[in-house]
Amino acid sequence: MAINLQKGQRINLKKTEKTGLGEILVNLNWNARPAQKKGFLARLFGGNSGIDLDLGCLFELRDGRKGAVQALGNAFGSLSQPPFISLDGDDRTGESAAGENLRINGNRVADIKRILVYTFIYEGIANWQEADARVTIRYPGAEDIIVRMDEYNSQKIMCGLALLENQNSETFSVGKIVQCFDGHSDLDKAFHWGLEWVAGRK
C-alpha cells in the first residue's frame with residue numbers, strides 16, 4: 001500500500017508510541033536511459049546521453065541554523081548530529097536499483113523546523129518527462145508516500161519536490177511541491193531560505 005501525494009496536499013507522518021518516527025528514508029529513482037533518439041544527427045548532438053539527477057535538501061533547524069545536504073560540494077550531512085539528515089551517496093548513472101537516498105533522523109524532529117527536498121539535473125538535458133522521476137518516503141509502521149514528478153513542461157534544471165514541516169515538535173507534515181526552478185538560488189528565494197550560493201563541483 002502507498003499514498004500518492006497530490007500537488008497541494010499535505011499529510012502528517014504517523015508517530016508510534018514505541019518507536020516515534022524512527023528513520024525517515026527519502027528515495028529518488030528515475031529512468032536514466034530514456035528511449036534513445038535514432039539517426040546520425042541525434043547521435044551527433046548527444047541524443048543518446050543519459051540523465052544524472054541529484055537528490056538533496058535545504059534544511060532549517062529550530063536553533064536557526066540553515067544549510068543544504070547534497071553531493072554537490074560534498075555536503076553529505078549526518079544522522080547523529082546536526083542537521084540530523086544524511087545523503088547515502090551519489091548515483092552518477094541512475095541505474096542503481098537503490099537510486100539516491102536521504103535519511104532523516106525522525107527521533108530528532110524537535111530539532112528540525114523544515115526540510116525542502118529537491119532534485120536537479122547534474123548532467124543531461126532538462127527533459128523531466130523522460131526522466132520519469134519519483135520520490136518515495138518510507139518510515140516505520142506506515143504506508144509509503146510517493147511524490148511523482150509530473151510537471152513536464154519545463155526546461156529548468158531544478159525541481160522542488162516535497163516540503164516537510166515541524167508539527168508541534170512531534171511529527172512532520174509532508175506537502176507535495178513539484179515546481180521547477182532555474183537553480184539553487186531561485187529555489188532558495190521562492191521558499192525564503194536566505195542562503196548564499198556559489199558555483200560548486202562534485
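Treat the numbers as computed from the prediction; the structure is a model and nothing was measured.

## Quick look at the overall build of the chain
- On a plain count of helices and strands, the chain comes out with three helices and 13 strands.
- Of all 202 residues assigned to the chain, the portion counted as buried reaches 47%.
- Total accessible area on the chain stands at roughly 10200 Å², and carbon and sulfur atoms take up 47% of it.

## Concerning the environment of V198
- Positionally, V198 belongs in the segment after α3 (184-190).
- With 13 residues separating them in the primary sequence, V198 and S185 have C-alpha atoms 9.0 Å apart.

## Examining the pattern of salt bridges
- Inspection of every chain in the model, using the stated rule, returns 10 salt bridges.
- The partner of E143 in a salt bridge is K14, and the shortest N-O contact between them spans 3.4 Å. On the criterion of sequence distance, the pair formed by E143 in the loop between β10 (134-138) and β11 (144-148) and K14 in the loop between β2 (10-12) and β3 (23-29) is long-range, its members being 129 residues apart.
- When its relative accessible area of 48% is taken as the criterion, K14 is described as partly exposed.
- R103 is paired through a salt bridge with D88; the nearest N and O atoms lie 2.8 Å apart. You can see R103 sitting in strand β8 (residues 100-105) and its partner D88 sitting in the loop between β7 (85-87) and β8, a full 15 residues away along the chain.
- Several salt bridges share partner residues, and in doing so they unite E23, D88 and R103 into one network.

## Looking at the side chain of Q70
- Mapped onto the elements of the fold, Q70 is located in the loop between β5 (66-69) and β6 (77-78).
- Residues in contact with Q70, not counting those within four places in the same chain, are L55, G56, A75, F76, L87, Y118, F120 and H184.

## Some thoughts on the pairing of β5
- Of the two faces of β5, only the one carrying G67 and V69 is buried; K66 and A68 on the other face are not.
- Between the antiparallel neighbours strand β4 (residues 52-61) and β5 lie four residues, among them G64 with a positive phi of about 100°.

## Details of the environment of F181
- Inspection of the secondary structure assignment puts F181 in strand β13 (residues 171-181).
- Taking relative accessible area as the criterion, F181 reaches 7% and is therefore assigned buried.
- Note: C-alpha distance between F181 and C159 (22 residues apart in sequence) is 5.9 Å.
- In this view, F181 contacts K156, I157, M158, G160, D186, L187, A190 and F191; residues no more than four positions away in its chain are not counted.

## Points about the sheet that holds β10
- If you walk across this open sheet you meet the seven strands as β1-β11-β10-β3-β8-β7-β6, and the pairing is mixed. Where the open sheet ends on each side, the last strands, each with one partner, are β1 (2-4) and β6.
- Both β3 and β10 contribute to a ladder of five bridges, which runs antiparallel. What sits directly across from N29, in β10, is R134.

## With respect to the side chain of T136
- Tracing the backbone through its elements, the reader meets T136 in strand β10.
- In contact with T136, other than residues within four places in its own chain, are L25, V26, N27, D144, I145 and I146.

## Some remarks on the nonpolar core
- One finds L53, L102, I104 and F172 to be the most contacted residues of the largest nonpolar core, which totals 43 residues.
- Examining the composition of this core, we find that five residues originate from one element, β4, more than from any other.
- Not counting chain neighbours up to four residues away, the residues in contact with I104 comprise G22, E23, I24, V26, L79, F84, I85, I112, I115, L164 and F172.
- Core analysis: the next-biggest nonpolar cluster, separate from the first, contains 12 residues, L72, L163, I177 and W193 among them.

## Details of unusual backbone geometry
- For the bond running from P82 to P83, omega is 15°, close enough to zero to count as cis.
- Checked against the element boundaries, P83 lands in the loop between β6 and β7.
- Phi angles above zero are rare outside glycine, and N74 is one such case at about 55°.
- Within the element layout of this structure, N74 appears in the loop between β5 and β6.
- Here N74 falls in the exposed class, since its relative accessible area comes to 54%.
- At S169, a residue that is not glycine, the phi angle is positive and equals roughly 60°.
- Here S169 is to be found in the loop between β12 (158-167) and β13.

Rules of the game
- All chains use their own residue numbering, which begins from 1 and follows the written sequence.
- Reporting in this predicted model follows two pLDDT cut-offs: at least 70 for local features of residues, and 80 or more for side-chain atom pairs to be given and counted; totals over whole chains, interfaces and linings ignore these cut-offs and use all residues.
- Side-chain metrics in this entry use all non-hydrogen atoms of the structure; hydrogen atoms and water are not considered.
- Helical segments are the DSSP runs of H or I of at least four residues, strand segments are the runs of E of at least two, and each set is numbered from the N terminus.
- Only protein chains enter the accessibility calculation, which uses a 1.4 Å probe; a residue is then buried when its area is under 20% of its type maximum, exposed when over 50%, and partly exposed in between.
- Computed with the Shrake-Rupley method and a 1.4 Å probe, the accessible areas treat only the protein chains shown as cover for residues.
- Salt bridge criterion: a side-chain nitrogen from Lys or Arg within 4 Å of a carboxyl oxygen from Asp or Glu.
- Two residues qualify as a contact provided that any one of their heavy atoms is within 4.5 Å of a heavy atom in the partner residue.
- Note: two strands are recorded as paired if DSSP finds a minimum of 2 bridges between them.
- For the purposes of this section, nonpolar cores are sets of buried Ala, Val, Leu, Ile, Met, Phe, Trp, Tyr and Cys residues that join through side-chain atoms within 4.5 Å.

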